[in-house]
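Listed here are the chains, written in short residue letters.
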Amino acid sequence: MDCVPVLDEPLKKVLGGNTAKVMAEHLGLHTVGDLLHHYPRRYAERGELTRLSDLPLDEHVTVVAQVADARVHKFNSGRGQRLEVTITDGSGRLQLVFFGKGVHKPRAELLPGSRAMFAGKVSVFNHKRQLAHPEFKLLRPDSGSEAVEAFANQLLPLYPACKQMESWQIQQAVDTVLGPAGREDAALAGLIDPLPESLREGRGLATLPEALRSIHRPRTKADIAAARDRLKWDEAFVLQVALARRRQADATAPAAPRRPVEGGLLDAFDARLPFTLTDGQRKVSAEIFADLATDHPMHRLLQGEVGSGKTMVALRAMLGVVDAGGQAAMLAPTEVLAQQHHRSITEMMGELAEGGMLGGAEQGTKVVLLTGSMGAAARRQALLDLVTGEAGIVIGTHALIEDKVQFHDLGLVVVDEQHRFGVEQRDALRSKGKQPPHLLVMTATPIPRTVAMTVFGDLETSVLDQLPSGRSPIASHVVPAKDKPHFLARAWERVREEVAGGHQAYVVCPRIGDEEDEEKATKAAKQKSAEDKEKSAEDEAEKRPPLAVLDVADKLAAGPLSDLRVEVLHGRMAPEAKDEVMRRFAAGGVDVLVATTVIEVGVNVPNATAMVIMDADRFGVSQLHQLRGRVGRGSAPGLCLLVTEMPEASPARVRLGAVAATLDGFELSRIDLEQRREGDVLGQAQSGVRSSLRVLAVIDDEEVIAAAREEATAIVTADPELTGYPELRIALDALLDKEREEFLDKG
């Protein structure tokens, strides 16, 4: 235990102020422990010895050669220096180059006449082949072939780096911390091992010092595999213990049971439904009502395909809570979506949504809307209805979170599209209950099981994977606008055909195109062009500013869709203007709606059958799937056209092809995760979790995560305070600091 401060030692003390500052600012590394847990992302193999005359470009090579010449060149008014070393092996000559602080060691050791082994990646500068910052080892006159072979076959760690600090500099820092090869034990002596010994031995895992030594200084590929196996377990296990403790705490927290009453509001609502619920909706509803009936708060994640009927399930849960004398709040990420939910819920409920009003049903309740842009009088009335309990259901945006919003008895919080909200926002709404309200979190972005276990591991999960009857299939096609312009012309013909058949269409663009937007786009395009002078077809398509709603709408209205009613919708329109456009579109008064992704979630217009997504390559896989879900919501088949200028072999086109090939959101979420990796998928709200995952690949390590969850649950069930696991408690505090623990607490 006394050695622990070694790992807490600030890097400034070990590496010097400048290096430590860069590591802290650009890599988030502050202590020796942080650096040791900054693992290599891959390893370069030095490879077999190569003659200088046979060097292959862009490959890692190892050569044995003699130093012919070494010179230091000054630049930047003498503040910078570059060491150029010329080496020869009799078959040819090669230049080595070292910059900045990397000059000192080679300058002292690579003297003319000395022999050494050099390893690095072959590049070209000024038409000459060179090695930049190669690894090297001096050879004594008596060095035999064994020393050369050992050097040549060594695995070189390549670290996640940044412009300000390259991988080789990070390796130097790790070497400074670990000390000489073979004597790492002293540096690693203070490590606290979070894995209980019985678990580690039972699963045949390496000790933590062995794993860290092997991950940074592997002798063989087997060393790397063993180290990764062990370190993945650390990450998965500590996180699952934190989540298991959260679940344990939830299981003992008090909450008011909310059971529907027979013959009440829920029964009246079910009786007026013009359709029957799907088996999936009934099953998930049963899970939710079972949770609501307990005296501990429900924490449930409801994920379902676009159009699977999540809103119906959530509404029935809210009605059940109102039946039991409580209130329910639905938090939506945008005003457009909040207004859409309010409109569709009041329509579905009919007179049941007019409780206390003339013509309202006896069992009815008030359903109110609360958004930031409401007029003062309407807002005052809504707040009054909430505090008196007149309104059983409120649907709103972030405006619900404000301090002045008070409830009579908040019993259920429904969070729609949870990834749009920060943890604090969800928690602020939940804190408005007299005691913890039940929580239902919904997402239409399918989440792979591993991500659900990792990020939402404190929530029980329900999945709706069955579409309601009457939903139509959606045909999706990629439209290569640059390669085949006639395909784009045909796309607009298809839109006209859909409208002629009595239907409507969306056209989605990545950008608005107003003055503020234009400035940003122009600046971004210039910056991209300046950063990369190399031009390819793919680069050219990327450098052009994304297509904009206002431009595209004007061109369509003046060109291929000139005789149709074309209108625009985007986030910077006044709220009342947005609502007016959506109302007219829903009522059939607009043929083609040209919009940004403001229509991505929740917008429900069954008569809209076609969608054209411009610059589709600018959107993520899950986002395209969400957008596509806005069509095919009625009895007529849906059509989604993904327009792109990307060349056929580009990764972007491959991605679009994958979206067009399947309607399975879970399959697409796996593709999305593989392409974007965990960081983007987990998002900013989950940054605490993301930053503790360094070797665990959420997409690939389902078995490890599931096994860690099982082990963690067993340990926490038997010993909730972890009194018998002091090392695990210390690791939990270190890996899940206060901010991350709060993230898990707020769920």
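Parameters and conventions
- Residues numbered from 1 in each chain as written.
- Predicted model: local features only at pLDDT ≥ 70, side-chain atom pairs only at ≥ 80, totals over all residues.
- Heavy atoms only, no water.
- Salt bridge = Lys/Arg side-chain N within 4 Å of Asp/Glu carboxyl O.
- Helix = DSSP H or I, 4+ residues; strand = E, 2+ residues; numbered from the N terminus.
- Buried < 20%, exposed > 50% of the residue type's maximum accessible area, 1.4 Å probe, protein only.
- pLDDT = per-residue confidence, 0-100.
- Contact = heavy atoms within 4.5 Å.
- Phe/Tyr/Trp six-rings, centres within 6.5 Å; stacked < 30°, edge-to-face > 60°.
- Pairing = 2+ DSSP bridges.
- Axes fitted to C-alpha atoms, helices over the stretch in contact; angles between N-to-C directions.
- Expected span 1.5 Å × (residues − 1).
- Parallel < 35°, antiparallel > 145°, perpendicular 65-115°, else oblique.
- Left-handed = near helix turned anticlockwise from the far one by under 90°.
- Nonpolar A, V, L, I, M, F, W, Y, C, P; charged D, E, K, R; others polar.
- Core = buried A, V, L, I, M, F, W, Y, C linked by side-chain atoms within 4.5 Å.
- Polar contact = N/O pair within 3.5 Å; in protein donor to acceptor, adjacent residues only side chain to side chain.

*Asks:* Could you give an account of the pattern of salt bridges, with specific residues and numbers?
*Replies:* For the structure on display, the rule yields 30 salt bridges. The shortest N-O distance in the salt bridge between Glu351 and Arg272 comes to 3.0 Å. Here Glu351, found in the loop between α15 (335-349) and β11 (366-370), pairs with Arg272, found in helix α12 (residues 265-272); they are 79 residues apart in sequence, far enough to count as distant. Residue classification places Glu351 among the partly exposed residues on the basis of a relative accessible area of 36%.

*Asks:* Could you give an account of the confidence of the model for the protein chain, naming the residues involved and the relevant values?
*Replies:* For the protein chain, mean pLDDT is 82; residues scoring 70 or higher make up 83% of the total. Considering only residues more than four positions removed or in separate chains, one finds that residues 1-5, a stretch of pLDDT under 50, has six contacts. Low confidence marks residues 677-691, where pLDDT is under 50. Its contacts with residues over four positions away, or in another chain, come to 31 contacts.

*Asks:* Can you explain the packing of aromatic side chains? Please cite residues and give values.
*Replies:* Enumeration over the complete set of coordinates arrives at three aromatic pairs. On the basis of an interplanar angle of 80 degrees and a centroid distance of 6.3 Å, the ring pair of Phe98 and Phe136 is categorised as edge-to-face. Taken together, the positions of Phe98 in strand β4 (residues 93-99) and Phe136 in strand β7 (residues 135-138) put the pair 38 residues apart, joining distant regions of the chain. Both residues of the pair, Phe98 and Phe136, belong to the buried class. Ring centres of Phe118 and Phe136 lie 6.4 Å apart, and the angle between their planes is 35 degrees; on these two criteria the pair is classed as tilted. Of this pair, Phe118 sits in strand β5 (residues 115-125) while Phe136 is found in strand β7, placing the two residues 18 residues apart along the sequence. With respect to class, Phe118 is no different from Phe136; both count as buried. Counting every residue linked through ring pairs, the aromatic cluster contains Phe98, Phe118 and Phe136.

*Asks:* So what's going on with the environment of Gly589? Which residues, and what values?
*Replies:* With respect to the helices and strands, Gly589 occurs in the loop between α23 (575-586) and β19 (592-595). Setting aside anything within four residues of it in sequence, one finds Gly589 in contact with Arg565 and Arg584.

*Asks:* So what about the sheet that holds strand β18 (residues 566-569)? Which residues, and what values?
*Replies:* Ordered in space as β16-β21-β20-β17-β19-β18, the six strands form an open sheet in which the pairing is parallel. Each of the sheet's edge strands pairs with one partner strand only, and the pair in question is β16 (474-480) and β18. Along the sheet, successive strands turn relative to each other by an average axial angle of 20 degrees, direction set aside. Summarising the sheet, β16 and strand β21 (residues 638-644) pair through seven bridges and their orientation is parallel. Following the sheet pairing, Val478 is matched in β21 by Leu642.

*Asks:* Summarise α23; cite the residues concerned and give the values.
*Replies:* For α23, spanning twelve residues, the distance from its first C-alpha to its last is 16 Å, which sits close to the expected 16 Å at 1.5 Å a residue. Here the buried face of α23 lies against α15, β17 (504-508), β18, β19 and β20 (608-613).

*Asks:* Provide a residue-level description of the pairing of strand β9 (residues 299-304), including the pertinent values.
*Replies:* Taken across its six residues, β9 has six buried, putting it largely inside the fold. Residues His299, Leu301 and Gln303 point to one face of β9 and Arg300, Leu302 and Gly304 to the other, with burial holding for every one of them. One ladder, built from five bridges, connects β9 with strand β14 (residues 438-443); its direction is parallel. Looking at the pairing, Gln303 lines up with Thr443 of β14. The pairing of β9 with strand β15 (residues 460-464) spans five bridges and is classified as parallel. Looking across to β15, one finds that Leu302 is bridged to Ser462.

*Asks:* Now, about the packing of helix α14 (residues 310-323) against α15: what can you tell me, with residues and values included?
*Replies:* The N-to-C vectors of α14 and α15 enclose an angle of 65 degrees; their axes lie 12 Å apart at closest approach. Taken together, the axes of α14 and α15 lie roughly perpendicular to each other. Viewed along their axes, α14 and α15 form a crossing whose handedness is right-handed. Note on element contacts: α15 touches α14 through His341, Ile345, Met348 and Met349, opposite Thr311, Met312, Leu315, Met318 and Leu319. Classifying every residue of the contact of α14 with α15 gives seven nonpolar, two polar and no charged.

*Asks:* I'd like a description of the nonpolar core, backed by residues and values.
*Replies:* In this structure, Met318, Met349, Ile393, Leu412 and Leu440 are the most contacted members of the largest nonpolar core, which totals 39 residues. Ranked by the residues each element gives to this core, the list is headed by α14, at nine residues. Dropping the residues within four chain positions of it, Leu412 is found in contact with Leu292, Met298, Ala317, Met318, Val321, Gln327, Ala328, Ala329, Pro437, His438, Leu439 and Leu440. One finds Ile474, Val508, Ile599 and Leu656 within the second-largest nonpolar core, a separate group that totals 32 residues.

*Asks:* Please give an account of the side chain of Thr365 that cites residues and values.
*Replies:* Relative to the helices and strands, Thr365 is located in the loop between α15 and β11. For Thr365, the side chain forms a polar contact with the main-chain nitrogen of Gly392, separated by 2.9 Å. Beyond its immediate stretch of four places on either side in the chain, Thr365 contacts Leu265, Val322, Met349, Leu352, Ala353, Glu354, Gly355, Glu390, Ala391 and Gly392.

*Asks:* Would you mind going over the sheet that holds β11 in detail, with residue names and values included?
*Replies:* Here we have seven strands laid out as an open sheet, ordered β11-β12-β10-β13-β14-β9-β15, and parallel in their pairing. Where the open sheet ends on each side, the last strands, each with one partner, are β11 and β15. With strand direction ignored, the average angle separating the axes of adjacent strands in the sheet is 20 degrees. Pairing of strand β10 (residues 327-331) with strand β12 (residues 391-396), which is carried by four bridges, proceeds in the parallel orientation. Across the sheet, residue Ala329 finds its bridge partner in β12, namely Val394.

*Asks:* Outline the packing of helix α13 (residues 279-292) against α14, listing residues and values.
*Replies:* Two elements in contact, α13 and α14, have axes whose closest approach is 10 Å; the angle formed by their N-to-C orientations is 30 degrees. As far as their axial angle goes, α14 and α13 are roughly parallel. Crossing geometry of α13 relative to α14 is assigned as right-handed. Along the contact surface, α13 presents Gln281, Val284, Ser285, Ile288, Phe289 and Leu292, while α14 presents Met312, Val313, Arg316, Ala317, Gly320 and Val321. Tallied by class, residues from the contact of α13 with α14 come to eight nonpolar, three polar and one charged.

*Asks:* Now, about unusual backbone geometry: what can you tell me, with residues and values included?
*Replies:* A positive phi angle, near 65 degrees, is found at His127, a position not held by glycine. Tracing the backbone shows His127 in the loop between β5 and β6 (128-132). Looking at His127, the relative accessible area reads 81%, which means it is exposed. Although it is not a glycine, Asp615 sits at a positive phi angle of roughly 50 degrees.

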